[in-house]
Amino acid sequence: MNASATLLPAIVHPAMEDRRWLSSDHCAGPVLDLLDALGWAIVDTPEANVHATSPDGHVYVGRLPEDTAA
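Please read these numbers as outputs of a predicted model, since none were measured by experiment.

Caption draft 1: Structural detail: the overall build of the protein. Helices and strands together make up the secondary structure of the protein, namely two helices and three strands. For the protein, contacts bridging at least 24 residues in sequence account for 6% of all contacts bridging at least 6. Roughly 5900 Å² of accessible area belongs to the protein as shown, and the carbon and sulfur atoms make up 59% of that amount.

Caption draft 2: Highlighting the side chain of Asn49. By the element assignment, Asn49 lies in the loop between strand S1 (41-44) and strand S2 (50-53). Aside from chain neighbours lying at most four places away, what touches Asn49 is Val43, Asp44, Arg63, Leu64 and Pro65.

Caption draft 3: The environment of Thr53, seen in detail. Within the secondary structure, Thr53 sits in strand S2. Note on Thr53: relative accessible area 31%, which makes it partly exposed. Taking C-alpha positions, Thr53 is 8.9 Å from Val43, a pair spaced 10 residues apart along the chain. With residues near it in sequence (within four places) discarded, Thr53 still touches Trp40, Ala41, Val59 and Tyr60.

Caption draft 4: Main features of the environment of Gly62. As for its position among the elements, Gly62 is in strand S3 (residues 60-63). On the accessibility criterion, Gly62 (38% relative accessible area) is partly exposed. Note: C-alpha distance between Gly62 and Val43 (19 residues apart in sequence) is 9.6 Å.

Caption draft 5: Spatial organisation of unusual backbone geometry. Although it is not a glycine, Ala48 sits at a positive phi angle of roughly 75°. For Ala48, the location among the structural elements is in the loop between S1 and S2. Here Ala48 falls in the partly exposed class, since its relative accessible area comes to 22%.

What counts and how
Residue indices begin from 1 for each chain and proceed along its sequence in written order. In view of the model being predicted, local features appear only for residues whose pLDDT reaches at least 70, and side-chain atom pairs are presented and counted only at 80 or more, with totals across whole chains, interfaces and linings using the full set of residues. With hydrogens and water excluded, all non-hydrogen atoms of the structure serve as input to the side-chain values. We count a stretch as a helix when DSSP gives it H or I for four or more residues in a row; a strand needs E for two or more, and each element gets its number in order from the N terminus. It only takes one pair of heavy atoms within 4.5 Å for two residues to be counted as in contact. Accessible areas in this description were obtained via Shrake-Rupley with a 1.4 Å probe; residue shielding takes into account the shown protein chains only. Burial classes: relative accessible area under 20% of the type maximum marks a residue as buried, over 50% as exposed, and values in between as partly exposed (1.4 Å probe, protein chains only).

Below, the structure is given as structure tokens:
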């Protein structure tokens, strides 16, 4: 199968400045807020662990901080 480049979606990479918020304060809050807004199932545990699963169930993201104060 040969697909013309004009039929493929353009890949857009945000500039580094636009992604700085992802690691600026080493807090998972902004990323978890984004995943929640995108419909991901998010579960947090008493140990401060957070588990997120994509809507289709194919992707898992976990935040397992070593410090429970995190």
